[in-house]
Amino acid sequence: MSKKQLKAIEALEEAQKIAFAPFTFQTTVALRKLGVFDYIFDNRDGGGVTVQEIANALSISVYGIGVLLELAESSDIVLKDEKGKYELSKTGYFLNYHETVNVNINFTDKVCYKGLDHLTDAIKTGKPEGLIELGEWPTIYEGLSVLPEKIKKSWFEFDHHYSDAIFDEALEIIFRNNPKCIFDIGGNTGKFAIRSCKLYEDVNIKIIDLPGQLNKALENTKNEGFGERVSGYEIDWLTDNPSIPTGMDTIWMSQFLDCFSEEEIVKILSTCVKSMDENTELLIMETFTDRQKFDNAKFILEATSLYFTVMANGNSKMYPADVFLRLIDEAGLKLKEDIKMGEYHTILVCKKK
Ligand SMILES: C[S@@+](CC[C@H](N)C(=O)[O-])C[C@H]1O[C@@H](n2cnc3c(N)ncnc32)[C@H](O)[C@@H]1O
C-alpha cells in the first residue's frame, strides 16, 4: 500500500465511512436479502427504476426502500439519475453477484458480525471472546459440527471457497511421487480425501482431526463409497504431547496451520517430524499475506486474521511466508520446494532434516 496522504476533506470522508461502516454493511445485506439488487439489475434495460417501482414490485414501503438506497447511493453502491431512477454501480453489481464477495458477506454476516463487538476484549485476553455469540466452546473448531445450520453453511462455504478450486492442481503436485498413504491433517469435511480417492484409485487416506469434525468427514467419505480407503485418527493438537501414527508417504495440511499460533505450529510440525522418515513429504498449502498480487486479496486475508482473533481461537492469523519458513526450520524440517499455486496459494514441500 502506498503511504500517500489524502487531502483533509477526503480523509474526513474516509473516516466517516469507517464510523458508519456497519450501517453500510447492513444496508448491503438488507438490499441483497430483500431482492432490491436483483430487481434493479433485472430491470436495468429501461434506464433504471424508481423507489416507488421497487417498493410496489417487492411489497416493501417507499420509506424502507428509500432509506436503504440513499445510503447505498452515497456509498457508491447504486447510481441515481436526475429522474430518480436507480441502477447498480459496478460495486453494487459485485456486492450482489461476485462469488468471492458473496461468500465473504455471508461469512461476515452469519459467523462474525455479532462476535466482532468483542474484538477489543479478544485482543486484551488472547481468547476468542466473540465466540460466545455462537456457543460455548474453547475454540470454534469444537463447535463446527454442531453450529446452527445457517451459520455452519456460511462457515463451510467460506472455508471451501478458498481451497476447493485449487485441490486438483495441488493433487498433481502431491501425486508426482505416487504416494499410497496420505495423512490429511485438518481434513475437515473429507472433501480432499474424496477428491483424491476419485482421481487416484490405489491411495489410502487417513484424516486427522478433532472428534466432531472427524466423524462428519468419515460419514461423508463413506457416503461417497470410500469407507474402505479412508480412515480416521482423532486428535486435539492443543493437548500436551499429541502424537500421530507412522506409515504415511505424505502429510498434507491445507489451510490448517493458520488455525494456530507460531508456538503451536512448531509443536504440530515437530510432532509430525517424529512420525516421518527420510522419504516422507510434508506439504503445507496456505494463502500467504505477502504473496498476493492484488491488494484486495491481502485485505481479505488480513480481515480473516481478525476472525481468528475474535471468533476462532484468539491467537492465530494468516501469516506471511517468511514466518512459515522460519517455523519449518525450527520444527526440524527442511524446505525442498516452494511452489506457487494458481493466483493465491503456495505449497511448501518439506522433508525431515
Ligand atoms: C480451516 S479448516 C481446514 C480445512 C481443509 N483442510 C481445507 O483445506 O479446506 C481447519 C481444520 O483444522 C481442524 N482443527 C482446528 N483446531 C484443531 C485442533 N486443536 N486439533 C485438531 N484439529 C483441529 C478443524 O477441525 C478443521 O477441520
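Residues numbered from 1 in each chain as written. Predicted model: local features only at pLDDT ≥ 70, side-chain atom pairs only at ≥ 80, totals over all residues.

(A) Structural context of the overall build of the chain. Helices and strands together make up the secondary structure of the chain, namely 16 helices and nine strands. Taken along the three principal axes of its C-alpha coordinates, the chain extends 75 × 45 × 40 Å. Out of the 353 residues in the chain, the part that is buried amounts to 35%. (Helix = DSSP H or I, 4+ residues; strand = E, 2+ residues; numbered from the N terminus. Buried ≥ 20, exposed ≤ 12 C-beta atoms within 10 Å, placed from the backbone.)

(B) Looking closely at the packing of helix 7 (residues 99–112) against helix 10 (residues 149–161). At a closest axis distance of 9 Å, the pairing of helix 7 and helix 10 adopts a crossing angle of 140°. When the axes of helix 7 and helix 10 are compared, the pair comes out oblique. In terms of crossing hand, the pair formed by helix 7 and helix 10 is left-handed. For the pair helix 7 and helix 10, contact is made by T100, V103, N106, F107, K110 and V111 and by K150, I151, S154, W155, E157, F158 and H161, respectively. Looking at the contact of helix 7 with helix 10 residue by residue, the class counts come to six nonpolar, four polar and three charged. (Axes fitted to C-alpha atoms, helices over the stretch in contact; angles between N-to-C directions. Parallel < 35°, antiparallel > 145°, perpendicular 65-115°, else oblique. Left-handed = near helix turned anticlockwise from the far one by under 90°. Contact = placed C-beta atoms within 7 Å. Nonpolar A, V, L, I, M, F, W, Y, C, P; charged D, E, K, R; others polar.)

(C) Examining the sheet that holds strand 4 (residues 204–209) more closely. Taken in spatial order, the seven strands of this open sheet run 5-4-3-6-7-9-8, and their pairing is mixed. Of all the strands in the sheet, the pair left with one neighbour each is strand 5 (230–234) and strand 8 (333–341). Within the sheet, the average angular offset between the axes of one strand and its neighbour, ignoring direction, is 20°. Bridge count for strand 3 (residues 181–185) against strand 4 is five bridges, and the pairing is parallel. Bridge pairing links I185 to I208 in strand 4. (Pairing = 2+ DSSP bridges.)

(D) Summary view of the pairing of strand 4. Strand 4 sits mainly inside the fold: five of its six residues count as buried. Read as a crossover between parallel neighbours, the route from strand 3 over helix 12 (residues 191–199) to strand 4 is right-handed. As judged from the five bridges shared by strand 4 and strand 5, these two strands associate in the parallel manner. Of the residues in strand 5, the one forming a bridge with I208 is Y233. Handedness of the crossover is the feature at issue here: the chain leaves strand 4, passes through helix 13 (residues 211–223), returns alongside strand 5, and the resulting connection is right-handed. (Right-handed = clockwise from strand over helix to strand, strands pointing away.)

(E) Spatial organisation of the packing of helix 4 (residues 51–58) against helix 5 (residues 62–74). Orientation of helix 4 relative to helix 5, taken along the N-to-C sense of each, is 125°, at an axis distance of 9 Å. Between helix 4 and helix 5, the crossing angle belongs to the class labelled oblique. Crossing geometry of helix 4 relative to helix 5 is assigned as right-handed. Residues V51, Q52, I54 and A55 of helix 4 form the contact with helix 5, whose own contacting residues are V62, I65, G66 and L69. In terms of residue class, the contact of helix 4 with helix 5 is made up of six nonpolar, two polar and no charged.

(F) Geometry of helix 1 (residues 8–19). In a regular helix each residue adds 1.5 Å, so 12 residues correspond to 16 Å; helix 1 covers 16 Å between its end C-alpha atoms and thus fits that length. Burial analysis of helix 1 places just zero of its 12 residues in the buried class, which makes it a mostly uncovered element. (Expected span 1.5 Å × (residues − 1).)

(G) Region of the structure containing the nonpolar core. The biggest cluster of nonpolar side chains holds 64 residues, and the ones touching the most others in it are W252 and I284. No other element matches helix 15 (residues 295–312), which puts seven residues into this core. The residues touching W252, leaving out its near neighbours within four places in the chain, are I174, I182, F183, D184, I185, F192 and L283. Core analysis: the next-biggest nonpolar cluster, separate from the first, contains 16 residues, V36, I54, L88 and L95 among them. (Core = buried A, V, L, I, M, F, W, Y, C linked by C-beta atoms within 7 Å.)

(H) The arrangement of the domain arrangement of the chain in detail. When cut into domains, the chain gives domain 1 (8–97) and domain 2 (159–352). Look at where the C-alpha atoms of domain 1 and domain 2 centre, and you get two points 41 Å apart. (Domains from an automatic or database assignment.)

(I) Representation of unusual backbone geometry. With a phi angle near 65°, N188 is a residue other than glycine that sits in the positive phi range. You can see N188 is positioned in the loop between strand 3 and helix 12. By C-beta crowding, N188 is classed as buried, having 25 other C-beta atoms within 10 Å. Of note in this structure, N241 is not a glycine but carries a positive phi near 50°.

(J) Looking closely at helix 5. If you check helix 5, its first and last C-alpha atoms are 18 Å apart, about what 13 residues at 1.5 Å a residue would give, namely 18 Å. Regarding helix 5, the residues found buried are I65, L68, L69 and A72. All buried residues of helix 5 lie within an arc of 95° about the axis, which places them on one face of the element. Buried residues along helix 5 sit in contact with helix 2 (21–33), helix 3 (36–42), helix 4, strand 1 (78–80) and strand 2 (86–88). Just downstream of helix 5 lies D76, where phi reads positive at about 60°. (Arc of directions from axis to C-beta.)

(K) Layout of the environment of N56. In this fold, N56 is placed in helix 4. Sequence separation between N56 and I173 is 117 residues; the distance between their C-alpha atoms is 55 Å.

(L) Structural detail: the pairing of strand 3. With four of five residues buried, strand 3 lies mostly within the body of the structure. Strand direction decides the pairing type here: strand 3 and strand 6 (residues 250–254), joined by three bridges, are parallel. Bridge assignment links D184 to a residue of strand 6, and that residue is W252.

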